[in-house]
Every structure is written in structure tokens, then in C-alpha cells.
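Observations on the model geometry
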Amino acid sequence: MEFHMIILVGILVTVAVYLLLSRNMIRIILGTAVLSHAVHLLLITMGGAGEGGVPLLRESDGPYADALPQALILTAIVISFATTAFLLVLAYRTYEESGSDNMNTIRRIDRE
Amino acid sequence: MKENDVILRTVTRAVVFIILTFGVELFLSGHHNPGGGFVGGLVLSSALVLLYVVFDIETVHQGVPFDFRKIAAFGAVISLLSGTGAAVLGKPFLTQGFGYFDLPIFGLTELATVTIFEAGVALTVIGTVVTIILSISKDV
Amino acid sequence: MNNILVLPMLLPLLTGFVLFFLRPSVKAQKIVSLLSLLALVAIAGRILYRISDEGILRLDFGGWAPPFGILFVGDSFSALLVLTASVVSALIIAYSFTATERRMENMFFYPFAFFLVAGVNGSFLTGDMFNLFVCFEVMLLASYVLITLGGGKVRLAESMKYVAINVVASWFFLVALAFLYGTVGTLNMAHVSVRVAEAGQGPLLSAVAVVFLIVFALKAGLFLYFWLPGSYSSPPGPIAALFAALLTKVGVYAMFRTFTLMFYHDDFIMGTIIGTMAVVTIIAGCLGAVAYTDIRQIASYNVIIAVGFMVLGLAVFNEEAFKGSVFYLIHDMVIKGILFLIVGAMVYLTGKTKITEMSGLIRNYPVLGWLLFLTTLGLAGIPPLSGFIGKMYVGLGAVEGGNYFLLFIGFASSLIVLYSMLRIFMNCFWGETIINREDQRLYPARRLIPIAILGVLTIGIGVGAQALEPFVSDAARVMANPDLYIDAVLGEVES
């Protein structure tokens with residue numbers, strides 16, 4: 001289980017890095033989203049995925065899975081949700097102001 | 001969406017109530033089972049977003065005349081104050097209490113202060129999600 | 001009960017949310033902000049005194065005892081920084097009452113400034129690694145909004161870069177947290193420290209430590225500073241001052257906390273890697289400060305030099321040097337606040353940004369000019385101003401530890417700082433004036449008061465160092481003896 005998850009995390013990070021390094025702003029934002037999902041998977045794997053039952057009373061009678069990584073991931077998801085939403089608004093405003101979604105063009109604005 | 005959206009409109013009218021009910025159910029079940037303020041709030045806000053997509057913003061605003069930024073702020077204030085209540089009683093910040101009460105219709109029910117906290121979280125989520133969607137979609 | 005510990009984070013958050021409802025009335029916003037800031041300073045002072053009376057304080061949220069729950073821990077180090085951050089942000093926000101455009105006040109400038117303060121104070125007080133991440137994010141989200149507020153092409157382009165770099169940094173933070181949790185099975189700082197000491201800091205834990213180092217170096221602008229000059233020079237004065245005074249210091253604080261409490265076992269990381277990073281940062285910062293002619297860029301590179309200098313204290317790694325770094329952190333928050341407020345005011349008054357384009361401002365704005373001169377002396381560390389004490393203790397520590405090279409670099413940088421700042425002062429304030437008496441923009445005294453108070457503070461910290469000394473030595477003592485911190489957090493639970 002852990003082995004497969006780690007490989008999946010690796011693939012996701014590869015995809016995310018490819019997207020992050022592109023020039024298109026929307027791709028960069030998608031890249032940050034994929035990147036955060038990769039790390040959420042990593043967190044749950046590190047907490048020992050696939051071992052133990054659902055950590056709820058009445059659902060199973062132990063041993064329970066470690067519930068802490070799930071709490072951490074929920075928090076991390078909320079934060080990445082907020083950041084992604086902010087990035088989308090920012091990208092839209094930048095596009096409105098500069099008329100471009102290409103990072104190369106935007107970087108040139110800066111130099112002037 | 002000027003074209004043939006009769007089906008979408010008709011379905012939405014029914015579906016919105018199903019989504020809202022499901023959202024409330026998720027919110028209340030969060031005490032012992034999967035669910036809670038964050039997920040419940042997301043589902044509730046998805047109902048609102050569906051309304052905004054199907055009908056235009058002005059129409060929805062007539063029915064739901066709230067400033068969602070204020071709802072988000074209000075929810076956050078509730079969450080923070082629910083933690084402060086414990087501090088006033090001399091317990092550590094965010095301590096929650098619960099008790100069993102015999103209510104007229106529901107019978108013996110567990111009431112917990114954590115629900116207040118969760119209600120704040122749900123309101124914050126609804127306010128934030130709708131604000132984000134509205135600010136992106138403002139003048140498209 | 002130690003519920004007072006949560007107030008430095010809770011109060012700004014609540015104030016921020018309340019200010020959302022006061023949007024129509026800017027006046028009401030200002031009154032509420034001012035009252036809340038005064039209360040914040042009072043609370044921070046009270047915490048510091050309670051710590052000196054009762055030792056390290058701890059607050060378990062929801063009554064969950066460590067290492068299971070989240071907790072806030074207040075030791076002298078965090079309390080000193082909370083107090084300084086509160087005072088400095090109070091003065092900067094008071095300055096922005098008169099200097100912020102109406103348009104920005106309507107776009108929730110004050111609420112987000114308060115969220116920033118809440119995130120900063122939370123980061124200083126938390127005793128849990130994941131909670132540190134959350135507080136960092138609160139602070140960063142607020143800073144994203146503040147840096148974009150008001151728009152404009154250049155600002156938006158700069159903020160896109162700033163947000164992207166910070167998202168990647170936060171990603172590294174989560175990766176480090178995941179590996180840390182996978183290795184030691186806990187995120188409570190004191191508990192991590194115990195487990196690391198038990199298991200020995202092997203290659204895996206050292207790798208985790210280096211990832212943490214990368215994260216905090218990115219946030220602090222240590223070695224990985226390339227994003228900093230651009231982002232700190234684009235926003236208007238008060239926002240830039242808030243950033244320069246608070247944000248990088250949080251990164252530096254996190255670095256001290258992590259490497260003095262948890263990962264202090266590996267001499268190679270402590271001495272060689274961190275030392276090299278600090279030296280490279282100082283040298284690169286000096287080059288930048290001398291090379292640029294844009295005053296905002298020069299000020300930003302001065303931030304980088306200061307970060308390098310504070311981390312020198314960590315690389316030297318003895319109690320004396322820690323003491324110096326704590327003093328220097330306090331000094332730097334104050335002095336960077338003044339520097340960026342003055343630079344922002346100069347840009348506002350002249351409409352120009354390059355030192356070659358300004359001259360003779362001292363005829364028009366004498367008080368501002370002399371305040372900049374005071375700042376210059378303070379930055380260079382000339383006694384009796386606040387920078388001197390920090391530099392002296394770091395120097396003493398370096399001599400004690402035999403790190404003469406670090407000592408040399410640290411003190412040589414002071415000369416460059418002095419040169420770069422005098423360049424601003426001589427070029428912009430001496431010489432023929434470029435502004436006619438008639439065209440002169442009014443610079444009201446109300447705006448000068450907060451800057452002047454900050455100026456008095458920097459003298460006060462220097463002259464009154466004797467009064468601060470007990471708190472600072474206590475902070476350094478806890479850093480040099482992590483067991484004190486661990487006992488305070490886990491003591492009652494261990495059995």
C-alpha cells in the first residue's frame with residue numbers, strides 16, 4: 001500500500017513540477033493544486049495508510065487507524081483551497097490589467 | 001445561458017432543496033460520524049452556487065439578500081467566541097462541553113457546545129465560497 | 001489558567017472580523033483598531049512579566065494534555081518577540097491611519113493587517129509544528145491580500161511571483177512535516193525534541209532538518225532571498241514596513257526554535273551549512289545594497305543583510321550569541337519598521353525612487369531627514385542605539401566559540417550597511433533641493449509621530465538594554481538548554 005502510494009505521489013509531483021514550470025498562468029495554478037494533493041497523499045501515507053479500522057466508535061473494534069494525519073490533511077486541504085481560490089482571483093485580475101496570461105509577458109511589465 | 005435551459009431550471013428548483021437538506025444532515029451528523037461544519041458548509045454553498053449558475057446573480061440576490069463577506073466574518077466570530085466561552089469559565093481556551101437533555105419532541109438528546117463552533121465554521125465556509133465564486137464571475 | 005497566551009492571536013483575529021462589519025465607517029474602524037492595538041500591547045507586556053515570575057507558560061487547547069493536543073507555549077523568547085511585534089505593528093498601523101488611501105481602507109486594509117499580526121503572534125507562541133504551519137499560512141494569506149491590494153500592473157505581476165514562491169515553500173513545509181511525523185510519530189515540538197534525542201539524529205532526521213532549513217530559509221530570505229527585493233519594494237510604505245518588520249523575522253524565529261530545540265545534534269548542519277548560508281546571505285545582501293540606486297531596493301537588501309546577521313548567532317551556537325541574536329531580532333523589527341516608513345514617505349513626497357533623482361530634501365523635510373540619519377546609525381550598530389547591543393553579544397559569542405571568520409564578516413557588513421545608508425542620506429537629503437517651496441507636498445506632523453516614536457524606541461532599546469537584559473538572557477538560556485522547555489511542556493505528563 002505505502003509503496004504504491006509513494007509512487008503515485010512521485011507521479012503527481014512530476015506532473016505538478018511540469019505544470020509549474022510552464023508559462024501559462026492557469027497551468028501554474030493547476031500545478032500548485034496538484035502539488036498540494038501530492039503532499040496530502042504523502043501525509044496520509046506517512047501516518048500509516050491501510051492499517052487498522054475506521055477511527056470511529058461503533059464502526060469497528062480496533063485497532064484503529066491513526067486519525068491525526070487525517071485531521072492534518074483536512075486542515076491542509078482547507079488552506080490549499082483558500083490559496084488556490086486566491087490565486088485564481090489574482091490570475092484573473094492580472095489578466096484583466098495586463099491582457100495576458102503568459103508569465104513571460106508579465107515579467108516584462110515588471111522591467112519597465 | 002439564454003438557450004434551452006428549461007430542464008436545468010426545473011431540475012434545479014427541486015435539487016436545490018435536496019442539496020440543502022443533505023448539507024444540514026451532513027452538518028448535524030458530524031458529531032459522531034463523518035461530516036461536520038466544513039463539509040456541510042461546502043455542500044450548502046454548492047446549492048447556492050448552483051442557483052447563481054442557473055439563474056443570474058441579480059435574481060438570486062433578490063431571494064437571498066445577504067452580503068456573503070459579512071456571513072463569513074460572522075461565522076468566524078461565532079467560532080472564536082465559542083472557544084472564548086470556556087476561557088471565561090476558567091477552562092482552557094476551546095474546551096467544549098456537552099450534556100444530555102430531555103427535550104419535548106426529540107426525547108433524550110445530546111447537546112454539545114461544539115455544534116456552535118461547527119455552525120461558525122459552516123457559515124464561514126459558505127460565506128467564503130460564495131464570495132470567491134461571485135468575485136471571479138462578476139463581469140464575465 | 002494561562003488563557004492569556006491565546007489572546008495575542010485571538011484578539012487581532014476578532015478585531016479583524018469585527019472590522020469587516022464596520023466597513024462603511026472608516027472612523028469607527030480606526031477607533032476599534034487603535035483600542036485593540038493598545039490592548040494587544042498591554043497583554044503582550046503582561047505575558048512577558050508573568051513568564052519572568054512563573055517561568056515558561058503553557059496553554060493546552062481544549063484541555064488536551066501534550067503531546068496529544070495542540071498547545072501554545074510562552075517562553076521569554078516568544079514573549080519578547082510578541083511584545084515587539086505588537087508594539088511595532090501598532091505604530092505602523094497608527095501611521096497608516098493617516099497615510100492610506102481611502103480606496104484601500106474600503107478594500108479591507110485594516111482587517112488583513114490584523115490577520116497578519118494574528119498569524120505572526122501565533123507563529124511566535126505555538127508549541128506544535130503543524131500549528132506553526134497553520135499560523136504561517138494565516139500570515140501568508142493576509143500578506144497575499146495586502147501585497148495585491150489596490151492593484152496596478154506591476155504590483156499584480158510581483159505578487160504573482162510572491163504567491164507562487166510561497167506556495168512552493170509551504171509545500172516543502174508539509175513534506176517536512178510528513179516525514180517528521182512518519183519518523184518520530186509526533187508533531188509537538190518538545191516531544192519531537194525528546195524523541196530525536198532518544199533515537200539520535202541519524203541521516204533521515206538530518207534530511208528532515210535540512211528540508212525544514214530550506215523552508216524557513218525561503219520564508220526568512222536567508223540564502224534563498226531572490227524573491228524578497230521585488231516583493232518588498234512594490235507595495236506602499238506602511239504595507240512594506242509591516243512586511244519588512246514582521247515576516248522575515250518569523251522565518252528567523254522558526255529557524256531558531258527548530259534548530260535550538262529539536263535538531264541541535266548535527267554539528268555539520270549547525271556550523272557549516274547554516275554558517276555558510278549566513279555568510280553568503282550577508283555578502284549577497286551587501287552587494288545588492290551597494291549596487292542599486294532605487295531606495296526601496298537598497299532598503300530591501302538591508303533586510304537580507306540583517307537576516308544573515310541574526311542567523312550568524314545561530315551558526316555560532318552558544319548562549320552569548322543567542323543573546324545577541326535575540327537583541328538583534330528585537331532591534332531589527334523596530335529599525336526596519338522605521339526604515340521602510342521613511343523610504344515610503346520619501347517616495348510619496350518626491351514621486352521618485354532613485355537616489356540620483358532626489359536631492360536636498362533636508363531643506364523641505366528636516367525632521368524626516370534626521371530620523372533617517374538616526375536609522376542609519378541604528379542599522380550600522382553605533383552605540384548607544386539598539387543595533388549595538390545585538391552586534392556586541394553576537395561578537396562576544398563568536399570570540400568565545402572561536403568563529404573569527406564569521407565575526408569578521410558580520411562586522412564588515414556593518415560598514416557596508418553604513419555606506420549604503422549614507423548614500424541614501426547624502427544623495428537624497430544633502431545638496432540643492434529639487435522641490436520648490438510652492439510645490440512642496442505637505443507632510444503632516446501626525447504622520448511623523450509614529451515614526452518618531454519608533455525612533456525613540458530604538459534609542460530606548462539601546463540605552464535601556466539593562467532593563468531588557470534579564471528577559472533576553474532568560475530567552476537565550478532556554479535556547480541553550482532545551483531541557484528547560486521540554487520540562488515545562490511535558491514535565492507533568494511524563495510519568
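Numbering of residues begins from 1 in every chain and follows the order in which that chain's sequence is written. Chains and ligands are labelled sequentially in the order written, the chains with letters from A and the ligands with numbers from 1. With the structure being a predicted model, the display of local features is reserved for residues of pLDDT at least 70 and the display and counting of side-chain atom pairs for 80 or more, all residues being used for whole-chain, interface and lining totals.

Concerning the overall build of chain C
Assigned secondary structure in chain C consists of 21 helices and 2 strands. C-alpha atoms of chain C, sized along the principal axes, occupy 75 × 55 × 45 Å. Counts of 20 or more other C-beta atoms within 10 Å of a residue's own C-beta define buried residues, counts of 12 or fewer define exposed ones, and intermediate counts define partly exposed ones; C-beta atoms are placed from the backbone. Here chain C holds 495 residues, and the buried ones make up 62% of them. The helix count covers DSSP runs of H or I at least four residues long, the strand count covers runs of E at least two residues long, and both are numbered beginning at the N terminus.

Some words on the overall build of chain B
Looking only at helices and strands, one finds 5 helices and 2 strands in chain B. Counting from the amino terminus, chain B carries its helices and strands in the arrangement α-α-α-α-β-β-α. Here chain B, with 140 residues, has 29% of them falling under the buried criterion. What counts as a contact here is a pair of residues whose C-beta atoms, placed from the backbone, lie within 7 Å. Counting only contacts in chain B whose residues sit at least 6 apart along the sequence, the fraction spanning at least 24 positions is 65%.

Quick notes on the UniProt feature "domain: Na+/H+ antiporter MnhB subunit-related protein" (unreviewed entry) in chain B
UniProt positions are given in the numbering used here, feature names are shortened, and annotations may be inferred rather than shown by experiment. The positions that UniProt labels "domain: Na+/H+ antiporter MnhB subunit-related protein" (unreviewed entry) are, in the present scheme, residues 7-131 of chain B. A distance of 27 Å separates the end C-alpha atoms of residues 7-131 of chain B, which is 70% helix and 10% strand.

As for the pairing of strand 2 (residues 71-74) of chain C
All names here are of chain C. Here strand 2 shows two buried faces, one formed by Leu 71 and Val 73 and the other by Phe 72 and Gly 74. Only strands that DSSP links by at least two bridges are regarded as paired with each other. As defined by bridge partners, strand 1 (residues 57-60) adjoins strand 2 across 4 bridges and the pair is classed as antiparallel. Looking at strand 2, one finds that Leu 57 is bridged to Gly 74.

Focus: the nonpolar core
Throughout this description, the term nonpolar core refers to a group of buried Ala, Val, Leu, Ile, Met, Phe, Trp, Tyr and Cys residues whose C-beta atoms join them within 7 Å. Formed by 251 residues in total, the largest nonpolar core has its most connected members in Leu 116, Leu 177, Val 311 and Ile 342 of chain C. Leave out the neighbours within four places in its chain, and Ile 342 of chain C touches Leu 368, Leu 371, Leu 372, Thr 375 and Ile 451 of chain C.

Describing unusual backbone geometry
Residue and element names in this part refer to chain C. In this structure, Pro 67 follows Pro 66 across a cis peptide bond, with omega equal to 5°. Secondary-structure assignment places Pro 67 in the loop between strand 1 and strand 2. Across the junction of Pro 383 and Pro 384, the peptide omega takes the value 5°, indicating a cis bond. Note that Pro 384 resides in the loop between helix 16 (366-380) and helix 17 (386-401). Of note, Phe 223 is a non-glycine position whose phi angle comes to about 70°, a positive value.

A short note on helix 1 (residues 6-29) of chain B
Residues and elements named next belong to chain B. For helix 1, spanning 24 residues, the distance from its first C-alpha to its last is 35 Å, which sits close to the expected 34 Å at 1.5 Å a residue. Bend is the name given here to the angle between axes fitted to two runs of seven residues, the run ending at a residue and the run starting at it. The largest bend in helix 1 amounts to roughly 35° and is located at Arg 13. When helix 1 is considered as a whole, its buried residues turn out to be Gly 23, Leu 26 and Phe 27. Those residues of helix 1 that are buried lie in contact with helix 2 (37-54) and helix 5 (114-137). To estimate the expected span of a helix, subtract one from its residue number and multiply by 1.5 Å.

Some words on the interface of chain B and chain C
Accessible area lost on assembly of the parts is the figure often given for the size of an interface. Listed as interface residues are 14 residues of chain B and, on the opposing side, 14 residues of chain C. For the side of chain B that touches chain C, the class distribution of residues is 8 nonpolar, 3 polar and 3 charged. When residues are sorted by character, Ala, Val, Leu, Ile, Met, Phe, Trp, Tyr, Cys and Pro go into the nonpolar class, Asp, Glu, Lys and Arg into the charged class, and all the rest, Gly among them, into the polar class.

Details of the packing of helix 6 (residues 129-148) of chain C against helix 7 (residues 153-184) of chain C
Residue and element names in this part refer to chain C. Two numbers describe how helix 6 lies on helix 7: the axes approach to 10 Å, and their chain directions differ by 175°. Taken together, helix 6 and helix 7 sit at an angle that is classed as roughly antiparallel. On the side of helix 6, the interface is formed by Met 129, Phe 130, Phe 133, Glu 137, Leu 140, Tyr 144, Ile 147 and Thr 148, while helix 7 contributes Arg 155, Leu 156, Ser 159, Tyr 162, Val 163, Asn 166, Ser 170, Phe 173, Leu 174, Leu 177 and Leu 180. Residue classes in the contact of helix 6 with helix 7 are distributed as 13 nonpolar, 4 polar and 2 charged. To obtain an axis, a line is fitted to C-alpha atoms, over the contacting stretch when the element is a helix, and the angle between two such axes runs from 0 to 180 degrees between their N-to-C directions. The cut-offs work like this: below 35 degrees is roughly parallel, past 145 is roughly antiparallel, 65 to 115 is roughly perpendicular, and the gaps in between are oblique.

Details of the interface of chain A and chain C
In this complex, chain A contributes 27 residues to the contact, which on the side of chain C involves 24 residues. Elements with a contribution of two residues or more to the side of chain A that touches chain C: helix 2 (25-46), helix 3 (68-98) and helix 4 (103-111) of chain A. For the side of chain A that touches chain C, the element with the highest residue contribution is helix 3 of chain A, accounting for 14 residues. Here the side of chain A that touches chain C is composed, by residue class, of 16 nonpolar, 7 polar and 4 charged.

Digging into the UniProt feature "transmembrane region" (unreviewed entry) in chain B
All names here are of chain B. If you check UniProt for "transmembrane region" (unreviewed entry), the listed places come out as residues 12-30, 36-55, 71-94 and 114-136 in our numbering. With 90% helix and 0% strand, residues 36-55 has its two end C-alpha atoms placed 29 Å apart. Between the end C-alpha atoms of residues 114-136 there is a gap of 33 Å, over a span that is 100% helix and 0% strand.

Some points on helix 12 (residues 267-291) of chain C
Residues and elements named next belong to chain C. The end-to-end C-alpha separation of helix 12 is 35 Å, in line with the 36 Å expected for 25 residues at 1.5 Å each. Residues Ile 274, Gly 275, Met 277, Ala 278, Val 279, Thr 281, Ile 282, Gly 285, Cys 286, Gly 288 and Ala 289 constitute the buried set of helix 12. On its buried side, helix 12 packs onto helix 9 (203-220), helix 10 (228-233), helix 13 (295-316) and helix 18 (404-429).

A look at the packing of helix 8 (residues 189-199) of chain C against helix 11 (residues 237-262) of chain C
Residues and elements named next belong to chain C. Running from N to C, helix 8 and helix 11 point in directions that differ by 40°, and their axes come no closer than 9 Å. Judged by the inter-axis angle, helix 8 sits oblique to helix 11. Residues Met 189, Val 192, Ser 193 and Val 196 of helix 8 lie in contact with helix 11, whose contacting residues are Arg 257, Leu 261 and Met 262. When the residues that make up the contact of helix 8 with helix 11 are grouped by side-chain class, the tally is 5 nonpolar, 1 polar and 1 charged.

Some points on the environment of Ala 217 of chain C
All names here are of chain C. As for its position among the elements, Ala 217 is in helix 9. Accessibility expressed as a C-beta count within 10 Å gives 25 for Ala 217, which makes it buried. Counting along the chain gives 94 residues from Ala 217 to Val 311, while the straight-line C-alpha distance between them is 10.0 Å. Not counting chain neighbours up to four residues away, the residues in contact with Ala 217 comprise Leu 222, Phe 223, Leu 224 and Met 277.

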